[in-house]
Every structure is written in C-alpha cells, then in structure tokens.
Amino acid sequence: MSCNSSGCQSNCHKSDDQLSDSPPPPPPPLAAANNSNNLCLKCKTNSPITPGSLSGDEARFCADCFRSNIYGKFRLAVTSHAMISPSDNVLVAFSGGPSSRVALQFVHGLQDRAQKNFEASKDKSLAVFGVGVAFIDESAAYPVSSDKVDGAIQDIRSVVSNLAPPTKQLHVFPIENIYATDSSDGKDRLTKLLDAVNDATGKEDLLLHLRMLALQKVASQNGYNRLVLGSCASRIACHVLAATVKGQGYSLSADIQYVDARWEIPVVLPLHDCTSQELNLLCHLDGLKTLQPFDSPPSGINGLISSFVNILQEENPSRECTILRTAGKLTPFEFNRIPETDDCNVPLAIRRRQKRYNLKTKESISSELFCPICNGPLKNCNSLKLSSLNSCQSSRFNAACCSSCQFQILPKDPSSMENFCSLLPQQVVDRAKLGNCRLREQIQDCLLSDSEDEN
Amino acid sequence: MEGNHEKARVRLCYLCNQRRAALKRPKTLEQICRECFYEVFEEEIHQVIVKNQLFKPGERIAIGASGGKDSTVLAYVLSELNRRHNYGLDLFLLSVDEGITGYRDDSLETVKRNELQYGLPLKIVSYKDLYGWTMDEIVKTIGLKNNCTFCGVFRRQALDRGAALLKVDKLVTGHNADDIAETVLLNILRGDIARLSRCTSITTGEDGPIPRCKPFKYTYEKEIVMYAYFKRLDYFSTECIYSPNAYRGFAREFIKDLERMRPRAILDIIKSGEDFRISTSTKMPEQGICERCGYISSQKWCKACVLLEGLNKGLPKLGIGRSRGLDNNHRKDVKQINGTKNIEGKQCGSLDF
Amino acid sequence: MQLTLEFGGGLELLCDSVKIHDVNVIPNLEADKLTMKDLLVWVRTNVIKERPEMFMKDDSVRPGVLVLVNDCDWELSGQLDTPLEEKDVVVFISTLHGG
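Computed from a predicted model, the values in this text were never measured in an experiment.

To continue, consider the overall build of chain C. Counting its secondary structure elements, chain C contains one helix and nine strands. Going residue by residue from the N terminus, the α and β elements of chain C occur as β-β-β-α-β-β-β-β-β-β. Here the C-alpha atoms of chain C give a radius of gyration of 13 Å, agreeing with the 13 Å that 2.2 N^0.38 yields for 99 residues. By its C-alpha atoms, chain C is 40 × 25 × 25 Å across when sized along the principal axes. By residue count, 56% of the 99 residues in chain C fall in the buried class. Look at the contacts in chain C between residues 6 or more apart in sequence, and 58% of them connect residues 24 or more apart. Only carbon and sulfur atoms are counted for the fraction: they give 49% of the accessible area of chain C, which is about 4,300 Å². Averaging the positions of the 9 positive and the 18 negative side-chain charges in chain C gives two centres separated by 6 Å.

Shown next as structure tokens:
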C-alpha cells in the first residue's frame, strides 16, 4: 500500500487516491513532535497522531498514513467483492453518524477518481458510477423535536451539496413512507406498530428492520442498484454477539458479509474492516461533521452487549477484530455475493472477478426461506409450520417468522397478533405470503419424494 | 398479614394448582411448587437422555465428580433415573485429586460422603500418582501464572485414565446450560472455530478413548442449585485457592446479566451454537498416540508429557503459550490457551472438568 | 425484626465462613415495613466482611446469586420489593462457585 504523506520518502503519493474534497490535513500536533524517536510506524517521517482519548494502534500512524490505511481497507473491500461497477447507481445510506459519514466521503472519493479518469481518457469508454444519498427521517419513532430534525436535515443537505461534482441527489425519506403513499395515516400506524411490541430489544430491532425496508424503497423507487451501508467492524462484532444471544446462529453468517444480495437492491458493506474508533478518529482528523438526530444508546439486550464489547475492548483492543474473524469463518449464504451480470458495459475484468467469486447459480437462493420480519434465512421448515398453513392469516404469519422475532417482536396472544399484522407494511406481509408459497412448494416436493421412496 | 394471604393465594403452582409455588423456572417462567419442580427437572433430564440416546443398557458409566453442585446433583439424579427407568447402568463416581490442600482434600470428603449416600463406587485418581507432582508442588515451582493450564491438561487426561481403570464405556460430566453458553461465547471471543463447532455437542470425544457426555446441557444452573438446596444435597462450594479470579470471568458475568434480563438467552445461545453454519471440512488435528505415555495426541508427545518434561527439567515454561511442544512440526493447532487471562474464564472448576 | 439469614454456595466465605446468622434488623424509621431492598443494604454493611462486590451489584444481589424468602424464590415475591416479616428466613446462594 502506498503512502500519500507529503513527507513520505517513497514518493508514491501521486498514485494513491487523494480525497480531493477532504480539507487539508491538520498540522502534526506539537506534543508528538517533541520526541524525535516517536515517529509514524509506517512512513517513519511524520509525527504520529496523538489524540486525547484514543490510544490504539491507529494513534501510532501519522495522519496521512492513517488516512490512507483506512481508505485502503475500504478500497480493498470494494474491489475484491466487486461492490461497485462503472455502470452502477449507488445509494449511500446516511444517518449522519461517523461511519456513514466516512462511507459517504469514501464513495465520493472513488467517484471523484473515476470522474477524473473519465475526463482524462480519450475514448470516454468507462462510465462513472452514480451516487445518491438517503437519509431516513425517523421522527415518527423517536421523541425528537422537529426543530432538531429540520436542523439536522439542513446540515445534511449542506454536507451532500458541498461534495464536488457530479452532483449527488439527497433523498430525505420519512420512515412512515414504508406504508403505501396513498395512506395518510402512516405515522400513526408506525407508532401503533412499535407500541405493539413489548420487549425493548424487540422494538429496537423491529425499527432496524423497518429502516432497511425504507432504504430499499428509496433505492428501488429511484433507480439505484446498490445500497452502501456504513456498518463497521465494531458494529458487526456487536451484531455477532447479539445474534448469538438471540438464537439467530443460523442466519448470522448472512448478515456479516461484505455483500448481501438477499434484498431487492443488493447491500454492500465497504467499511466492514474498519473499527468505529478508526472512523471516529478519521472524522475528527478531517473535520467531517457528524450529527445523529436519532442517536439513542442501544437498550435491552443490545445495550448489554454493547457495554460488554466495550469492556472487552478495554481489556484487549483487538477483541472486536477477533470476534469478526471467528464469525468470518462461518459459511456464508449463496446470496452473499453480487449477482452475476451480463451487462456488456461492465468491463471484462470485473465480470471475470465475479465469476471467480460466484460459485453456483441462483437455484439454491430460491430454496432458502426467509423470516418476513427480519429477512433472516430460516433453518429448515418444521412440521409446526406445515400444520399452520391451513390456519388463519395471522397465525400463518406467526409461523413464517423466525423464533427470535416470534419471541421478541410478535405479540403472544392471537387477538393482538391480528392487530399487529394489520399494522405491518405491505412488503412484510408480501414476504410472508411468498414464504408460505415457497413452503407449500417445498412440502409438495417433500411429499412427492416421500411417495417415491415408498415405491 | 393480609399481604401474606394475598401472596399465598396468588402463588399457587402452575402445574398442580394446589401447592404453594416455590420457584420461577428460568426456562419457562412458570411458577411451580417444589414437588412439581423435582418431577419436571428429573423428567427433562430423562428426556434428554432418551432423545439423545446417551446410554445403552448394561453400560458402565463414570460420573466426573468434583464434589461441587453440578456433579453432586448429576450423581443423585442419574442414580435416581437409573433406578426409576431401568437404564441398566453401572454407575461409578470418578474424582481427580489434584493435590490442593485446603481445597480438593475438602471437596473429596464431600465425594466420599456421596459415595455412601448414593451407594456409588468411587475411584480417585491423583496427580501425584499419575504425574509425580501435586498441584501444590507445581505451584511452588511455577508460581500462580499458568498453573491453570497445567491443571486443565492434567485433569483431562486424569479423567480419561481413571475412566480406563474403571473400564467404563462413557464419562458423564456436570456441565450445565450456563457453562455451555459461556463456552460458546468464549470460543467466539477467542476465534476458535473448531471448538465453537463442537462445544455444543451433547456427546464429544467419540473418536477418543472414552466418549464424554453432558446430560445437563439444557439444564439451568439456577435449577441445579435450587434442586440441590431443596433436596439438601451435600455439596462443596469453595473456589479453587489457586484461581481466585476464575469466577470473575467477564463472560460468566455477562451470561448472568443476560439471564436476568432474558432468561431464555442461555438456551438461545446454545441454539445458536448448534445452528452456526460451520463447514465440516474444517481441519481437525490428526489424532495419534503420545510416544511417551500412549495417550491420544496430535503431536509426538501429548500435552501433559510436554508440560511434565518442562517441570522435571526445571523449564516450566515448556509447552506454555504459543510454543510448538517438543517436535518441530509446524502444526497450527497446538496453540495453547493462556490460562492466566481473565477473559478466558474459569479454566478450573466446571468448565474444563 | 428477628430474621434468620443463611449464606450458601460459597457466599459464606464473605462473612467469616459462618453460614447461618440470626440477626435483629431495625426497620427504617420512616417506612413501617422492611423490604428485601432495605435488608440487602443492611446485610452489606453489617454482615458481609469482604468483597461485597461478590454479593451485590448496584442495589440488588449480583446476578447469579439466588435468593429465597421462607424457602420461596424471591422472583415470585417481588424481588427487591418483597416485604419481610418477623422470623422470616432469607437464604442467599451463589451459583457462581465451582462445578
């Protein structure tokens, strides 16, 4: 990896990706400069960053080497998993927090470079991928003053419009718009839906699933074909433990890969290998403004896990990475890759790379059943579900869900269950129907093969 | 008085609806009386045994007995069930004497009482006899660092040797649901995918000299302790004097915090452990035989022999840490567990037993 | 108020290895009754001799410590709000010690 430090003797900075839009790096802090032995681990020239509260390995790099290291991890993730192709139209999910702020900055950096290459090339053969930004307005779910939200949206507008061209469209999407646009009571329904969940952890997780629905809707309505999330290593590490604690061991490996194409619009996680400490530091160094109008500390089980991971990090700063490494050894699903494309606009190299990563055709994708709430793949249909196919709609819905959602999200008694189902967005209901159809097919297949066995 | 009446009226057993409820089951959140508790507790273990075909009639079974709550309850319940359901098992108590004054000598007294109380023959194997060293002597030589590594390796082998002496077919241990959930977490935290894939199996070591199984795999620690308390079972509950921090493990504390917030989390963790998609092609170390003592080993010498060699040569660090033992094969699987780190949880006691 | 306290499962080590304590707890003057919450505070100052963090966490017992009031799981009687009466027997058992 090259070093883009101005003081770096390797002279390689020209070849590296400069983020044209980022402000000039701040001068090295004086405190560090006092000690001449205390130099950046990598370039051995500049003073390392000495941030007030951070003391991990990242603080032993100089700002430039640190920046290029993080960007390098991002770029490696993007290229090695074919996350973005020239013909793509990419939507960056932007919450205003440090992770998605960096994701936006880096995607912008990639696009900027592609744009420069495009302008420099003679034949203009390589298209420049498009970038849009989505902000989900969750006022309906949080007790936040509308002033605060309006202010945040204004700030976000200026962040997005201040990025160098090509222009990036910002989509501000109220989360209640997951309901059909013709229904005016979306906010009301959403509140009632969330109120119907008794478990604090379940409520939080349901909102997370609804946020994904919203992002998918923005992406599909506006012609995007990739959704970039800022999920970082620290966040994924927490998810690994949370999913384990919630009994979602089977579906876990679907959630933690670089690519997740079980959604209509494939989701990619280019910051998969960056820790939140690194991303926070980068925002701090580069003066990237962060704001999170809907930031609330995780509660319930999620809160317990996040404080547990914090304690672990104190004891051993690489613990998050170890957790990630363990989870990385779990077998991913077929949909954890970018679907193959026959688009001839896509350069051959990329198509070849896809061939290498794509092992099998889509057949096995369709065999998977998904929980309509969390969209987690389900482990084998069981006989319980089989019998439920002939029962009423709400109990059919219940049976289509994973055991974790059944426990922490769905109401226990049948009458509340009916009410709950009536409050769900159409996409969720459709997912359940699709699941039931697939289940019926599978059962029929099973019955067929059973009778064959008998013969 | 009125309040008391109110309480008594409300708290009737969920199952018999007659007697006063005595505890809330973490597994089901039902409030049940003592008598019904005994019944469901024992019946559930019986069902686990039957469903997983843990035993065959006529088998000789050793119960790893430390004198602690888990193995004491296991010994009691197993001998009950054996009688009640005619398993046709020959049960034995098998204890390891590590040679720790003021700890194991006391807990062995408990096991000796259990021998009489339950009428189960007891076999004690000692580190002194097997290895020539007591833990007291080992600690005198190496100090309090890494002593749990020695103890863990020696105990595992001692149990197998004891089981061989008793000519048993199987060894049962008192690992409970909390222990297994904790092990799942620890294996995630330390990146050990091989152990992660097998730590939730109810039976392990079927390729080894003596298979081990865990009839308490789905049994909550809370219920084991309640059972022991209500039945006034005689068990020993002092922490090993050489690992005073063992039970302070973050993971154990985390499990207990989780249980308080959501009791079913313990079973959910075990379910996750069973469901993880782990490809079975993960390389397992090749099993061979220790050239020195004949115990199963993936190396030229087994771990215990390597450690012993170090002790006897005055090089106690031999075999500790990431060393590769005495042979120069660069096999990756010989990574040692660092027993001194807090996060590795309780090396002593129930986990490695 | 005369109460019998029993410590087991290793908790007795925190109070000079004495398992059974017959104690006289004087209820708070302001409140006319004594609850488990009050008792825990009292036990912590008057009975526990060492490592109180092994016994309590925040204002309750440490997770993993079982509590029985008159041989009944305190989870059935309201945990910290469990009212105590004359001659009640309160048992604390740790589940955290060795297996």
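With 32 residues of chain C in contact, the opposing surface of chain B contributes 37 residues. Taking both partners together, chain C and chain B bury about 3,000 Å²; carbon and sulfur atoms supply 51% of that area. On the surface where chain C and chain B come into contact, there are seven salt bridges. Salt-bridge contacts for Lys57(C) lead to Asp257(B); the nearest nitrogen and oxygen are separated by 2.9 Å. For the pair chain C and chain B, the number of links is 12 residue pairs in polar contact (both at pLDDT 80 or more). When the residues that make up the side of chain C that touches chain B are grouped by side-chain class, the tally is 12 nonpolar, 10 polar and 10 charged.

All names here are of chain A. As for its placement among the helices and strands, Asp137 is situated in strand β2 (residues 130-137). The side chain of Asp137 is buried and forms no salt bridge, while Lys187, the nearest opposite charge, is found at 6.7 Å. Engagement of the side chain of Asp137 in a polar contact is seen with the side chain of Ser139, the distance being 2.2 Å.

With that out of the way, let us pick up the interface of chain A and chain B. If you look at the interface, chain A gives 36 residues, while chain B gives 30 residues. Each partner contributes to the roughly 3,000 Å² buried at the junction of chain A and chain B, and carbon and sulfur atoms together form 67% of this total. Run the count over chain A and chain B and you get two salt bridges. Ionic pairing is found between Arg262(B) and Asp199(A), a salt bridge with its closest N-O pair at 3.1 Å. In this assembly, chain A and chain B are joined by 13 residue pairs in polar contact (both at pLDDT 80 or more). Secondary-structure elements contributing two or more residues to the side of chain A that touches chain B are α7 (233-245), α8 (249-255), α10 (300-315), α11 (319-328) and α16 (403-408) of chain A. If one sorts the elements of the side of chain A that touches chain B by residue count, α10(A) sits on top with eight residues.

What follows concerns the environment of Thr322(A). Tracing the backbone through its elements, the reader meets Thr322(A) in helix α11. With 85 residues separating them along the chain, Thr322(A) and Ala237(A) place their C-alpha atoms 8.7 Å apart. Apart from the residues lying within four places of it in its own chain, the contact partners of Thr322(A) are Ile188(B), Leu189(B), Arg190(B) and Gly191(B).

Moving on to unusual backbone geometry. Residues Pro165(A) and Pro166(A) are joined by a peptide bond in cis, for which omega reads 5 degrees. Assignment of secondary structure puts Pro166(A) in the loop between α4 (146-161) and β3 (169-174). At Asp16(C), a residue that is not glycine, the phi angle is positive and equals roughly 55 degrees. When you line up the elements, Asp16(C) lands in the loop between β1 (2-8) and β2 (20-24). Using a relative accessible area of 53% as the deciding quantity, one classes Asp16(C) as exposed. Despite not being glycine, Asn70(C) shows a phi value in the positive range, around 50 degrees. Take Asn70(C): it is sitting in the loop between β6 (65-69) and β7 (72-73). According to the relative accessible area criterion, Asn70(C) is partly exposed, its value standing at 31%.

Attention now moves to the sheet that holds β6(C). Residues and elements named next belong to chain C. Strand order in the open sheet made by the five strands is β2-β1-β9-β6-β7, with mixed pairing throughout. Every other strand in the sheet has two partners, leaving β2 and β7 as the edge strands with one partner each. Pairing geometry for β6 and β7, over two bridges, is antiparallel. Its bridge partner lying in β7, Leu68 is registered against Asp73. Contacting β1, β2, β6 and β9 (89-94), helix α1 (residues 36-46) crosses the sheet at an angle of about 70 degrees to β1.

Residue and element names in this part refer to chain A. Confidence in the prediction for chain A averages 82 pLDDT; 78% of positions are at 70 or higher. Confidence, expressed as mean pLDDT per element, reaches its minimum in chain A at helix α1 (residues 30-33) with 44 and its maximum at α7 with 97. Across residues 27-36 the pLDDT falls below 50, and counting only partners more than four positions away or on other chains, this stretch makes eight contacts in the model. The low-confidence segment residues 358-365, where pLDDT is below 50, has 11 contacts with residues more than four positions distant or belonging to other chains.

This part is about the pairing of β9(C). All names here are of chain C. Within β9, five of the six residues are buried, which leaves it mostly tucked inside the rest of the structure. The pairing of β6 with β9 spans five bridges and is antiparallel. By the bridge assignment for β9, Val65 is matched with Ser94.

Parameters at a glance
- Residues numbered from 1 in each chain as written.
- Chains lettered and ligands numbered in written order.
- Predicted model: local features only at pLDDT ≥ 70, side-chain atom pairs only at ≥ 80, totals over all residues.
- Heavy atoms only, no water.
- Helix = DSSP H or I, 4+ residues; strand = E, 2+ residues; numbered from the N terminus.
- Rg over C-alpha atoms; globule rule 2.2 N^0.38 Å.
- Buried < 20%, exposed > 50% of the residue type's maximum accessible area, 1.4 Å probe, protein only.
- Contact = heavy atoms within 4.5 Å.
- Areas by Shrake-Rupley, 256 points an atom, 1.4 Å probe, with all protein chains shown as cover.
- Lys, Arg positive; Asp, Glu negative; His and termini not counted.
- Charge placed at Lys NZ, Arg CZ, Asp CG, Glu CD.
- Buried area = accessible area lost by both parts, 1.4 Å probe.
- Salt bridge = Lys/Arg side-chain N within 4 Å of Asp/Glu carboxyl O.
- Polar contact = N/O pair within 3.5 Å; in protein donor to acceptor, adjacent residues only side chain to side chain.
- Nonpolar A, V, L, I, M, F, W, Y, C, P; charged D, E, K, R; others polar.
- Pairing = 2+ DSSP bridges.
- Axes fitted to C-alpha atoms, helices over the stretch in contact; angles between N-to-C directions.
- pLDDT = per-residue confidence, 0-100.

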